[in-house]
Amino acid sequence: MSKILQLVGFKVEREFFGVPIAAVKEIIRVPDITPVPDTPEFVEGVVNLRGRIVPVIDMRRRVGVPAAERTRGNRILVLELAGKMVGLIVDSASDIIKISEDAIEPPPDIVSSIGAEYVTGVGKLEGKLIVLLDLTRLLSAEEMRKVEVVGRKLSEGEKDVLGRGRDEKALHSGEAAP
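The sections below set out a description of the structure shown in this document.

What counts, and at which threshold
Residues numbered from 1 in each chain as written. Predicted model: local features only at pLDDT ≥ 70, side-chain atom pairs only at ≥ 80, totals over all residues. Heavy atoms only, no water. Salt bridge = Lys/Arg side-chain N within 4 Å of Asp/Glu carboxyl O. Helix = DSSP H or I, 4+ residues; strand = E, 2+ residues; numbered from the N terminus. Buried < 20%, exposed > 50% of the residue type's maximum accessible area, 1.4 Å probe, protein only. Pairing = 2+ DSSP bridges. Axes fitted to C-alpha atoms, helices over the stretch in contact; angles between N-to-C directions. Core = buried A, V, L, I, M, F, W, Y, C linked by side-chain atoms within 4.5 Å. Contact = heavy atoms within 4.5 Å.

Any two side chains of opposite charge can pair, on the condition that their charged atoms come close. This structure, assessed with the given rule, holds 9 salt bridges. Its salt-bridge partner being Arg70, residue Glu44 comes within 3.5 Å of it at the nearest N-O pair. Residue Glu44 is located in strand β4 (residues 43-49), and its partner Arg70 is located in the loop between α1 (59-62) and β6 (75-81); the two are separated by 26 residues in the primary sequence. In this structure, Asp91 and Arg60 form a salt bridge, with 3.0 Å as the shortest nitrogen-oxygen distance. Separated by 31 residues along the polypeptide, Asp91 in the loop between β7 (84-90) and β8 (92-100) and Arg60 in helix α1 bring together distant segments of the chain. Here Asp91 and Arg60 have matching classes, each one buried. Where salt bridges share partners, they join Glu44, Asp58, Arg61 and Arg70 into one cluster.

Below, the structure written as structure tokens:
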């Protein structure tokens, strides 16, 4: 008897993808995204998720699909990769998918040129093909480092702005700054 994998499924264009359920922390609607300069072209920007700055990757750009108008169905999958939070903008997210390891084949040779670094296999489920992704390879080490540095700077900047705001308020009210 083969092992059953549990995945969170999502669509980008007409392609269906799956990522391990353990990596997905939550699925949210797409909020306002702050663009960040000097990041890879597929990094849309960052979002503030309950006080944490989370870089957001546009999966359409990452897999080379033309951009499309955002819809109400778009979602961000918030993932934890190597201890870091990252969001993926997808066209839609599905329920949990359960697939047998026997139903998964290695990526076809054509994938070797596009996406080979992060496509781990193709699963067959109820007549659909599901492209399985290795999330740890979605961003190269250098790309992840750039995103982390920018996120850290933005996070520190937000704290600075908040701190200055408190100090100015205290100054105007005659109180001592905290």
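Okay, back to it.
It is worth spelling out the sheet that holds strand β3 (residues 24-29) at this point. In spatial order, the strands read β3-β6-β7-β5-β4; together these 5 strands make up an open sheet with mixed pairing. Of all strands in the sheet, those bounded by a partner on one side alone are β3 and β4. Averaged over all pairs of adjacent strands, the angle between their axes in this sheet comes to 30°, without regard to strand direction. One ladder, built from 6 bridges, connects β4 with strand β5 (residues 52-58); its direction is antiparallel. Opposite Val47, over in β5, you have Val54 as the bridge partner.

The next thing to look at is the nonpolar core. By size, the foremost hydrophobic cluster in this structure holds 27 residues, and its most contacted members are Phe10, Met59, Leu77, Leu88 and Leu133. Every element with two or more residues in this core is listed here: β1 (4-12), β2 (15-20), β6, β7 and β11 (128-133). Residue contacts for Leu133: discarding those within four places in its chain leaves Phe10, Phe17, Gly18, Val19, Pro20, Met59, Tyr118, Val119 and Thr120. Counting residues in hydrophobic clusters, the runner-up holds 10 residues, among them Val47, Leu49, Val56 and Val78.

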